[in-house]
Amino acid sequence: MVSKDRGFQIFANALMCFLVVCVLAPFFLLIISSFTDEQALIANGYSFFPEKWSTYAYKYLLVQSGSVFRGYVISIGITIVGTFCNLLITLLYAYPLSRKELPGRDIFAFYLFFTMLFSGGLVPAYLMWTQTFHIRNTIFALLVPNLLMSPFNVIMMRTYFTTNIPDEVIDAARVDGANEFKIIFGVVFPMAVPITATIGLLTGLAYWNDWMNGLYYINDDKLFSIQVLLMKIQRNLDQLRQQAQNGSGNVNMADLPSTSVRMALTVMGILPVMIIYPFLQRYFVKGITIGAVKG
């Protein structure tokens, strides 16, 4: 029996090591390709052991676009502020919905669910944000539309409150004289760290990867987030390559790192997420399984 369990353990460890390699290999290939010489990349394709190394793609991004640093600052600021506001709104909406004694609870729940099924559409939303709220070319254009509150996150947090926070704890806090805000932030919130970290991670990823708000509502290049800025750089690079292929302009096609710069753009876009995710991964796994059947 012992030898059989040991054999299974060895097999399981070997399988997990293989799966880890399969997961990490594309990321290593992406990073290595971004440091590969453009001509070697075109001639030999993607390789873990490139024939010639080069940092020209990153130099091209930094030299051609001096606003990369500003784009990072804007994206980091928007992600932090947007995630905080999203968590605050989600918490203040989800907690009352989890309380059975809330007057009109079904009405508020229906309103939340209705917004998940129906929306006014892109054109009415654009007209509303630009002509009524006047957020065009302001920092609020990156913060508010589509991302400030998610009904799905509210439902996840409400479910967590309902299934993981006993009513006796809240009743005890009321007996001790705590008001509703003290109960939310002093009792409920500390007990909801897993779901808070999960929603925070999902919201942060949404803000960090968002480029549609910048595309729709921002024309001022000083307000471009890093995703919009990298998209603009890629679009400009494609236009330069098109001019070089057509023989117009003074651009040498061989000097444009088209393939390697795509890899560098991807690395610059996902690097902060890869750094932060390992610290939140354990909360993410615990929070995302809130719907599991309890024994």
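Below is a summary of the structure that appears in this document.

The rules behind the values
Residues numbered from 1 in each chain as written. Predicted model: local features only at pLDDT ≥ 70, side-chain atom pairs only at ≥ 80, totals over all residues. Heavy atoms only, no water. Helix = DSSP H or I, 4+ residues; strand = E, 2+ residues; numbered from the N terminus. Contact = heavy atoms within 4.5 Å. Buried < 20%, exposed > 50% of the residue type's maximum accessible area, 1.4 Å probe, protein only. 1 Å grid on protein atoms, 1.4 Å probe; cavity = no way out; pocket = protein on both sides within 12 Å on 5 of 7 lines; lining within 4 Å. Points joined across faces, edges and corners; volume = space filled by probe spheres on them. Nonpolar A, V, L, I, M, F, W, Y, C, P; charged D, E, K, R; others polar.

Examining the environment of A109
- By the secondary structure assignment, A109 is in helix 5 (residues 105–117).
- C-alpha separation for the pair A109 and A94, spaced 15 residues apart in sequence, amounts to 9.5 Å.
- Beyond its immediate sequence surroundings of up to four residues, A109 is in contact with L97 and R158.

Quick look at unusual backbone geometry
- Backbone geometry at H134 places phi at a positive 55°, although glycine is not the residue there.
- Structurally, the position occupied by H134 is in the loop between helix 6 (122–132) and helix 7 (140–143).
- The phi angle at N146 is positive, at roughly 75°, despite the residue not being glycine.
- The residue N146 is located in the loop between helix 7 and helix 8 (151–164) in this model.
- Judged by relative accessible area, N146 falls into the exposed class, the value being 65%.

Structural notes on empty space enclosed by the protein
- Taken as a whole and assessed by the stated rule, the structure comprises 2 cavities of 30 Å³ or more.
- Of the pockets and cavities examined, the largest cavity occupies roughly 60 Å³.
- Forming the walls of the largest cavity are S75, I78, L142, Y207, W208, D210, S225 and Q227.
- Mapped onto the lining of the largest cavity, the elements with two or more residues apiece are helix 4 (68–98) and helix 11 (193–209).
- Across the lining of the largest cavity, the residue classes tally to 4 nonpolar, 3 polar and 1 charged.

Things to note about the layout of surface pockets
- There is about 740 Å³ of room inside the largest pocket.
- The wall of the largest pocket is formed by 25 residues, among which T115, S119, W129, N146 and M149 lie closest to the centre.
- Within the residue set of the lining of the largest pocket, elements represented by two or more residues are helix 4, helix 5, helix 6, helix 8 and helix 12 (212–217).
- The element contributing the most residues to the lining of the largest pocket is helix 6, with 5 residues.
- By residue class, the composition of the lining of the largest pocket is 20 nonpolar, 5 polar and no charged.
- A volume near 290 Å³ is recorded for the second largest pocket.
- Breaking the lining of the second largest pocket down by element, the ones donating at least two residues are helix 4, helix 11 and helix 14 (258–288).

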